[in-house]
Amino acid sequence: MCSVVGYSGPRLCRQMILEGLSRLEYRGYDSSGFACINATSKLASVKTQGGIQQLNLKIATQEMGVSISSSGENNLDGTLAIGHTRWSTHGVSTDTNAHPHFDCHKSIAVVHNGIIENFVLLKEKLQLAGHHFVSQTDTEVVAHLFEDEIKTKSLEKAVLSVVTKLQGAYALLIISEKYPDYLIAVRKSSPLCLGVADKEIFVASDVTAFTDKTDQVVFLPDESFVLISGTDYHVYNYFGERIYPPVQKNTCIWLSEGKSGYEHYMLKEIYEQKRVIIDTVNFLRGNTAAVMQQLNISPETVQDIQNIHFIGCGTSWHAGLIGEYFMQEIAQVATQSFLASEFRYKKFFSYPRTLTIIISQSGETADSLEALRLLSASKQPTVALANVASSSMVREADGFLLTQAGQEIAVASTKAFTSQIAALYIFAHWVAHSKGLITNKAIARAHEELFVAGEILENSIERYKFDIVARIAPYYAKYKNFIFLGRHISFPFALEAALKLKEIAYIFVDCYPAGELKHGPLALIDAQTPVVLFSCLDEVIYKKLYGNAQEVKARSGHLIVFAFEHQKDLIALADTVFIFPKVNPLLAPLVMTGLVQFFVYQIALLLERPIDRPRNLAKSVTVE
Ligand code: AGP
């Protein structure tokens, strides 16, 4: 959940490293740091609590002050450097815990993304051997281990010896005064890639850090390390053998468009959803042959499929739960969704004739990636449904399907969720078609339904916008707790809506399938805890939901309802109601998506939350 960026080449690179880091701040932003080998071959560094803005400020203050020695020893720029933004795992966010971390003599600097699981043991041993530690982090052990190893071993052997001692996940960048021309990059489980330009080499957690400098990328294989000197780079596996991972062309270039006048990325991304649905449909129907090739599943396999499993975390898991209904209703395939963090540690059964689809915006989420690896190891067919084309999941799954959300910057997922829903809806129709259940005409109708849903999604924000801003959000922003209810396909949607309120407004929400009310949560109903109920278009389910709404009102509950225009009885019960036109019942969640996100956004705005970067969270969760 941190990001690392490094550079080796002829240019002074501090500015480039800081620019690269600021593009990766979505991965973590509670502290940051930079270290380089400067013109006098000395290690110079700066680090601080806070993001790149605070780091720039600290650098400016240092450079204005007297701390820069006239000999140039402290000059904070060089042609070999590393940088970091942090999302704390071990040790709170302080200047000392910020990366880089150093050995006893401050001649080695290390930045790290991941977790060293056995650091306590290693630290104790190193302390007993006389090493002096200053931070509470797990990372610092790497600098001290390396300090010991390079005393007696070659650089390559020293790295090998360090990695045999480390347990956990890590992407490490290391520089040292002893080897002032070498940048060392090590990868186990956490992502790391090289950007290879004519006269320089970049290394980063994500290609976004250097997409404007080069499109030539080497994705470091798991359990490998690279010694970079100038433009020369040698990659090794953990047996010390030289390996030659291919240089690939990076086709996924998202250059930041900024907020385009919106106050937050989240609001911009909420408004991009209609476009994202159109792009998803157009991409999937316009490139069917290429997409089928990428999916890498033959029509025979599809016809033979008995089960579909979805695996994901957070919002992506919710998309899978909604996708279950698509697969079951449209393609008539038994489908189940799993939380990646649970799936990994449950007893593993290898299911025959089962396709597993790993859903992930980033394609890097540690739990989902490990679940994918578990499946691959037992030869279960996998497909990654991901938004980032260059991600580990896309590279490691048997096949992939790319969502067309474009870069999502706000930590809270909005348009990525919408694109997952649209892609799953179309995918379910493809499977149904391959099984001979539906005609081409039905697929074309599905495309039209998605266009209509996108239109309604956006129009409903416009319809209620002023009322939400002026009256509804200010009224509800004062409540401390909410209960969210859904049933059938609206239950996973209620989970997603609840996650948004927790994540960006820091409001507690308990979310239940409405049918469970009388099994316990009904005791919580009072006028102080608004109940948000998401309706369904299925007539049977609607009647049940109406019954649940009556249960709430009979206990003096306060009811906010997301309903459809013909559902007069439910509408009449509500204290606050948002009404939507009728659509295909399976697309009910999609049409409500934009409005609930907008409502939650406005509450978070009134509560003055840092909406794009909620506390304690990061966009891409690359640690367990
Ligand atoms: C959603 O708003 C979250 N930020 C989070 O739940 C996210 O969906 C989850 O971490 C999974 O990420 P992924 O889709 O990149 O795998």
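Residues numbered from 1 in each chain as written. Predicted model: local features only at pLDDT ≥ 70, side-chain atom pairs only at ≥ 80, totals over all residues. Heavy atoms only, no water.

1. Here's the deal with the overall build of the chain
Turning to step 1, where the next piece is worked out: Check the secondary structure of the chain and you find 19 helices and 25 strands.
Turning to step 2, where the next piece is worked out: Taken against the 2.2 N^0.38 rule, which gives 25 Å for 624 residues, the C-alpha radius of gyration of the chain at 26 Å falls within 12% of a compact globule.
Turning to step 3, where the next piece is worked out: When the backbone C-alpha atoms are referred to their principal axes, the chain occupies close to 80 × 55 × 45 Å.
Turning to step 4, where the next piece is worked out: Pairs at least 24 apart in sequence give 72% of the contacts found in the chain among residues at least 6 apart.
Turning to step 5, where the next piece is worked out: On the chain, roughly 24200 Å² of surface is accessible, and the fraction owed to carbon and sulfur atoms is 52%.
Turning to step 6, where the next piece is worked out: If you average the places of the 57 positive and of the 63 negative side-chain charges in the chain, the two averages end up 2 Å apart. (Helix = DSSP H or I, 4+ residues; strand = E, 2+ residues; numbered from the N terminus. Rg over C-alpha atoms; globule rule 2.2 N^0.38 Å. Contact = heavy atoms within 4.5 Å. Areas by Shrake-Rupley, 256 points an atom, 1.4 Å probe, with all protein chains shown as cover. Lys, Arg positive; Asp, Glu negative; His and termini not counted. Charge placed at Lys NZ, Arg CZ, Asp CG, Glu CD.)

2. Description of the layout of surface pockets
Turning to step 1, where the next piece is worked out: Here the largest pocket defines a volume of roughly 580 Å³.
Turning to step 2, where the next piece is worked out: Together, 25 residues line the largest pocket, and Cys313, Gly314, Thr315, Lys619 and Val621 are the ones closest to its centre.
Turning to step 3, where the next piece is worked out: Among the elements of the structure, α10 (314-329), β18 (354-360), α12 (366-377) and α16 (490-505) are those that each provide at least two residues to the lining of the largest pocket.
Turning to step 4, where the next piece is worked out: Here the element with the most residues in the lining of the largest pocket is α10; it accounts for 3 residues.
Turning to step 5, where the next piece is worked out: Residues belonging to the lining of the largest pocket are distributed by class as follows: 10 nonpolar, 12 polar and 3 charged. (1 Å grid on protein atoms, 1.4 Å probe; cavity = no way out; pocket = protein on both sides within 12 Å on 5 of 7 lines; lining within 4 Å. Points joined across faces, edges and corners; volume = space filled by probe spheres on them. Nonpolar A, V, L, I, M, F, W, Y, C, P; charged D, E, K, R; others polar.)

3. Here we look at the sheet that holds strand β3 (residues 43-49)
Turning to step 1, where the next piece is worked out: Strands sit in the order β3-β2-β4-β1-β10-β9-β11-β15 across an open sheet of 8 strands; the sheet is antiparallel. Where the open sheet ends on each side, the last strands, each with one partner, are β3 and β15 (248-249).
Turning to step 2, where the next piece is worked out: Examined bridge by bridge, strand β1 (residues 3-8) and strand β4 (residues 80-86) share 6 bridges and lie antiparallel to one another. Pairing of Tyr7 across the sheet is with Ala81, part of β4.
Turning to step 3, where the next piece is worked out: Sitting on the sheet, helix α2 (residues 52-64) touches β2 (31-37), β3 and β4, and the angle it makes with β3 is about 130°. (Pairing = 2+ DSSP bridges. Axes fitted to C-alpha atoms, helices over the stretch in contact; angles between N-to-C directions.)

4. Let's talk about the site of the ligand
Turning to step 1, where the next piece is worked out: Taken together, 15 residues lie around the ligand, and Ser316, Ser360, Gln361, Ser362 and Thr365 are the ones closest in.
Turning to step 2, where the next piece is worked out: Residue Gln361 places a main-chain N or O atom 2.7 Å away from an oxygen atom belonging to the ligand.
Turning to step 3, where the next piece is worked out: For the ligand, an oxygen atom lies 2.7 Å from a polar atom in the side chain of Ser362.
Turning to step 4, where the next piece is worked out: For the ligand, the accessible surface in isolation is 410 Å², of which the surrounding protein chains cover 91%.
Turning to step 5, where the next piece is worked out: Placement of the ligand is best described as lying within the largest pocket.
Turning to step 6, where the next piece is worked out: When the residues that make up the shell around the ligand are grouped by side-chain class, the tally is 5 nonpolar, 8 polar and 2 charged. (Near = heavy atom within 4 Å. Polar contact = N/O pair within 3.5 Å; in protein donor to acceptor, adjacent residues only side chain to side chain. Sits in = over half its atoms within 2 Å of the grid points.)

5. Looking at the sheet that holds strand β6 (residues 108-116)
Turning to step 1, where the next piece is worked out: Taken together, the 7 strands give an open sheet; going across it, the order is β5-β6-β7-β8-β12-β13-β14, and neighbouring strands pair in antiparallel fashion. Each of the sheet's edge strands pairs with one partner strand only, and the pair in question is β5 (101-102) and β14 (242-243).
Turning to step 2, where the next piece is worked out: Strand contacts of helix α4 (residues 140-152): β5, β6, β7 (168-176) and β8 (182-188), with the helix running at about 130° to β6, the strand carrying the most contacts.

6. Considerations on the environment of Lys582
Turning to step 1, where the next piece is worked out: With respect to the helices and strands, Lys582 occurs in the loop between β25 (576-580) and α19 (588-606).
Turning to step 2, where the next piece is worked out: Owing to a relative accessible area of 54%, Lys582 belongs among the exposed residues under this scheme.
Turning to step 3, where the next piece is worked out: When the C-alpha atoms of Lys582 and Arg615 are compared, they prove to be 38 Å apart, with 33 residues separating the residues in sequence.
Turning to step 4, where the next piece is worked out: Excluding anything up to four places from it in sequence, Lys582 contacts Leu537, Phe564, Glu565 and His566. (Buried < 20%, exposed > 50% of the residue type's maximum accessible area, 1.4 Å probe, protein only.)

7. Remarks on the packing of helix α7 (residues 273-286) against helix α15 (residues 440-476)
Turning to step 1, where the next piece is worked out: The geometry of α7 relative to α15 is characterised by a closest axis approach of 8 Å and an angle of 170° between their N-to-C directions. Judged by the inter-axis angle, α7 sits roughly antiparallel to α15. Two secondary-structure elements touch here, α7 through Gln273, Lys274, Ile277, Ile278, Val281, Asn282 and Arg285 and α15 through His447, Glu448, Leu450, Phe451, Gly454, Glu455, Leu457 and Glu458.
Turning to step 2, where the next piece is worked out: The residue inventory of the contact of α7 with α15, partitioned by class, reads 6 nonpolar, 4 polar and 5 charged. (Parallel < 35°, antiparallel > 145°, perpendicular 65-115°, else oblique.)

8. Quick notes on the domain arrangement of the chain
Turning to step 1, where the next piece is worked out: Domain assignment breaks the chain into domain 1 (3-249) and domain 2 (265-606).
Turning to step 2, where the next piece is worked out: One C-alpha centre belongs to domain 1, the other to domain 2, and the line joining them spans 39 Å.
Turning to step 3, where the next piece is worked out: Listed by partner, the interface residues are 9 residues for domain 1 and 10 residues for domain 2.
Turning to step 4, where the next piece is worked out: In this assembly, domain 1 packs against domain 2 so that about 700 Å² is buried in total across both faces, 50% of it on carbon and sulfur atoms.
Turning to step 5, where the next piece is worked out: Taken together, domain 1 and domain 2 are joined by 0 residue pairs in polar contact (both at pLDDT 80 or more).
Turning to step 6, where the next piece is worked out: Along the lines of polarity and charge, the residues of the side of domain 1 that touches domain 2 split into 5 nonpolar, 2 polar and 2 charged. (Domains from an automatic or database assignment. Buried area = accessible area lost by both parts, 1.4 Å probe.)

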